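Tertiary structure, described
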Amino acid sequence: MSINQKTMRALVKEVNGPEGLVYRTDIPVPEPKDDEVLLKIRCSAICGTDMHILEWDAWSQKRIHAPVILGHETCGTVVAVGKNVTDRKIGDRVSCESHIQCNDCWFCSNGMPHICSNVKLFGVSRDGAFAEYATIRSDCTFLLDDDISDEAACMFEPMGAGVHGVEAAEVEGKTVLVSGCGPIGLTAIAAAKTFGAKFVIACDLIDEKLEVAKEMGADYVFNSGRDDLPAEAKKLTGGVGLDAAIDITGAGPALNTALKCLRAAGRLVCVGLPTKPITFPDMADDLIYREIQLTGISGRLVWKTWEDFAKVMKGPYYKLERVIGGKYAMSDYQSALDAIRGGAVGKMLVYPDR
Ligand SMILES: NC(=O)c1ccc[n+]([C@@H]2O[C@H](COP(=O)([O-])OP(=O)(O)OC[C@H]3O[C@@H](n4cnc5c(N)ncnc54)[C@H](O)[C@@H]3O)[C@@H](O)[C@H]2O)c1
Ligand SMILES: [Zn+2]
Ligand SMILES: [Zn+2]
């Protein structure tokens, strides 16, 4: 290993149970295995998943085995490589695919590593990136162009599902609805515009979010609580309906409204994760008789989504500053968590060196 430092600062989830996140300064710097790189972490973003882990929800109870260093949305520089690594070198700046595929199962062998059946999760089922240094297999790193900032690099993983949703909707030349203008929805709006949608309608329940949606390139915005979205969609398409809808709310009412906005043989792409069961009361008329295509989205395509997202970041629509909520020293992580719990909008970044 080419660095002399033996111990490092890290945020460690120390107990199997709620909370228990501790800022430690005495964690051994990890050694990269033969197929891994050692990263000097530049910054990392806090994910909703990290918050769920601290709440100790059912998902976390199955996956977390404390102690573990959290953090999976990151940007780092390669400072050492294992002996079998040929695709990365010292000095490379990278972001990381948090879904560590097995490269062996049926899905990995058939071009779908993003839905690997033996996936391991960076910063969840093994140590992650809320630390000065982290190791990860080199084939889970994405090489960054110089014109992608460290902060932008941290957005690939969390927002990538929105870009993947746009890829699945095949938006070029199409009329598109994006439901939900949270950070992932906003990213999807910018992606749909970048990839040549004829026009993009965005909807949300909160007017302020619709204003940001316009900045991200939405051609039309509607408040789902007030406006008759299916009627507006028909008006804008000469009575036909929209080609594609991308749901990034996970909310039943939004999904049902989106179905009614679509034309026959249109496509509904589901990115948002429901927090309760969803019903389709008019499924025969809304979906079956109209041959609607229904598609789920899991994470990001490796590496197509990443390459596409890089184009979105460099394009005219994506406004990074509208999806970043705050920047904190890692030692001040509690302030970042307080901001999130207080309802602050946007991604919070932590810097291990500050
Ligand atoms: N499929 C995946 O791989 C994947 C990956 C990451 C996140 N997600 C999911 O994507 C979703 C969006 O993430 P986010 O961080 O942008 O969340 P967010 O909560 O910030 O955004 C959701 C938005 O939907 C709006 N909304 C809620 N109900 C609505 C309705 N009926 N009509 C219109 N708008 C409505 C909310 O006001 C909010 O602005 C979440 O459900 C998240 O769990 C999915
Ligand atoms: Zn995440
Ligand atoms: Zn696999």
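An account of the accompanying structure is given in this report. (Residues numbered from 1 in each chain as written. Chains lettered and ligands numbered in written order. Predicted model: local features only at pLDDT ≥ 70, side-chain atom pairs only at ≥ 80, totals over all residues.)

When its secondary structure is counted, the chain shows 12 helices and 18 strands. Sorting the 354 residues of the chain into buried and exposed places 47% on the buried side. Taking the contacts inside the chain whose residues are at least 6 apart along the sequence as the reference set, 67% of them involve residues at least 24 apart. (Helix = DSSP H or I, 4+ residues; strand = E, 2+ residues; numbered from the N terminus. Buried ≥ 20, exposed ≤ 12 C-beta atoms within 10 Å, placed from the backbone. Contact = placed C-beta atoms within 7 Å.)

Examined against the element boundaries, F195 turns out to sit in the loop between helix 6 (183–194) and strand 12 (199–204). Spatially, the C-alpha atoms of F195 and G173 are 8.7 Å apart, while their sequence positions differ by 22 residues.

Across the sheet, 3 strands lie side by side as 2-1-4; this open sheet has antiparallel pairing. Only two strands of the sheet have a single partner each, and these edge strands are strand 2 (21–28) and strand 4 (68–69). The pairing of strand 1 (residues 7–13) with strand 4 spans 2 bridges and is antiparallel. Each bridged residue has a counterpart across the sheet, and for V12 the counterpart in strand 4 is I69. (Pairing = 2+ DSSP bridges.)

Next up on the list: the nonpolar core. Counting 100 residues, the largest nonpolar core has V176, I189, A192 and I246 as its most contacted members. Counting residues per element, this core draws most heavily on helix 6, which supplies 7 residues. The two domains that each donate at least three residues to this core are domain 1 (7–155 + 323–351) and domain 2 (161–296). If near-sequence neighbours (up to four positions away) are discounted, A192 is found in contact with V166, V171, V176, V178, A197 and V200. (Core = buried A, V, L, I, M, F, W, Y, C linked by C-beta atoms within 7 Å. Domains from an automatic or database assignment.)

Before going further, it helps to spend a moment on the environment of T25. The topology assignment puts T25 in strand 2. Judged by the 10 C-beta atoms lying within 10 Å of it, T25 falls in the exposed class. When the C-alpha atoms of T25 and L273 are compared, they prove to be 36 Å apart, with 248 residues separating the residues in sequence.

Now for the packing of helix 8 (residues 229–236) against helix 9 (residues 252–261). In contact at an axis separation of 8 Å, helix 8 and helix 9 are set at 25° when each is read in the N-to-C sense. The angle between the axes of helix 8 and helix 9 places the two elements in the roughly parallel class. Judged by the sense of rotation from one axis to the other, the crossing of helix 8 with helix 9 is right-handed. Across the interface between the two elements, L229, P230 and A233 of helix 8 pack against T257, K260 and C261 of helix 9. Here the residues of the contact of helix 8 with helix 9 are counted per class, giving 4 nonpolar, 1 polar and 1 charged. (Axes fitted to C-alpha atoms, helices over the stretch in contact; angles between N-to-C directions. Parallel < 35°, antiparallel > 145°, perpendicular 65-115°, else oblique. Left-handed = near helix turned anticlockwise from the far one by under 90°. Nonpolar A, V, L, I, M, F, W, Y, C, P; charged D, E, K, R; others polar.)

A few words now on the sheet that holds strand 15 (residues 262–270). As summarised here, the arrangement of the 6 strands in space is 13-12-11-14-15-16, forming an open sheet in which the pairing is parallel. Only two strands of the sheet have a single partner each, and these edge strands are strand 13 (220–223) and strand 16 (293–296). If you compare each strand with its neighbour and ignore which way they point, the axes differ by 20° on average. Taken together, the 5 bridges between strand 14 (residues 242–247) and strand 15 define a ladder with parallel strand orientation. Each bridged residue has a counterpart across the sheet, and for A245 the counterpart in strand 15 is L268. Its contacts with the sheet put helix 8 on strand 11 (175–179), strand 12, strand 13 and strand 14, and the angle it makes with strand 13 is roughly 160°.

Here the amide bond leading from A66 into P67 is cis, since omega sits at 0°, within 30 degrees of zero. With respect to the helices and strands, P67 occurs in the loop between helix 2 (58–63) and strand 4. Positive phi, normally seen in glycine, also occurs at E19, with a value near 55°. Of note, E19 is situated in the loop between strand 1 and strand 2. In this model, E170 sits at a positive phi of 45°, which is unusual for a non-glycine residue. By the secondary structure assignment, E170 is in the loop between helix 5 (156–169) and strand 11.

Turning next to the site of ligand 1. Around ligand 1, the surrounding shell holds 26 residues, and the nearest of these are A161, G180, G182, I184 and S224. Sorting the residues of the shell around ligand 1 by element identifies helix 6, strand 12 and helix 9 as the ones contributing at least two each. For the shell around ligand 1, the leading source of residues is helix 6, giving 3 residues. (Near = placed C-beta within 6 Å.)

Among the 6 residues that make up strand 12, 5 are buried, leaving the element largely enclosed by the rest of the structure. Note: strand 11 against strand 12, 5 bridges, orientation parallel. In the sheet register, S179 faces strand 12, and the bridge partner there is C203. For the crossover from strand 11 across helix 6 to strand 12, the handedness is right-handed. Strand direction decides the pairing type here: strand 12 and strand 13, joined by 4 bridges, are parallel. (Right-handed = clockwise from strand over helix to strand, strands pointing away.)

Moving on, we get to the packing of helix 5 against helix 6. Following both chains from N to C, one finds helix 5 and helix 6 inclined at 40°, their axes separated by 8 Å at the closest point. Looking at the two axes, helix 5 sits oblique to helix 6. For the element pair helix 5 and helix 6, the recorded crossing hand is right-handed. Side by side, helix 5 and helix 6 meet where M159, A161, G162, V163, G165 and V166 of the first sit next to P183, I184, G185, T187, A188, A191 and A192 of the second. Along the lines of polarity and charge, the residues of the contact of helix 5 with helix 6 split into 9 nonpolar, 4 polar and no charged.

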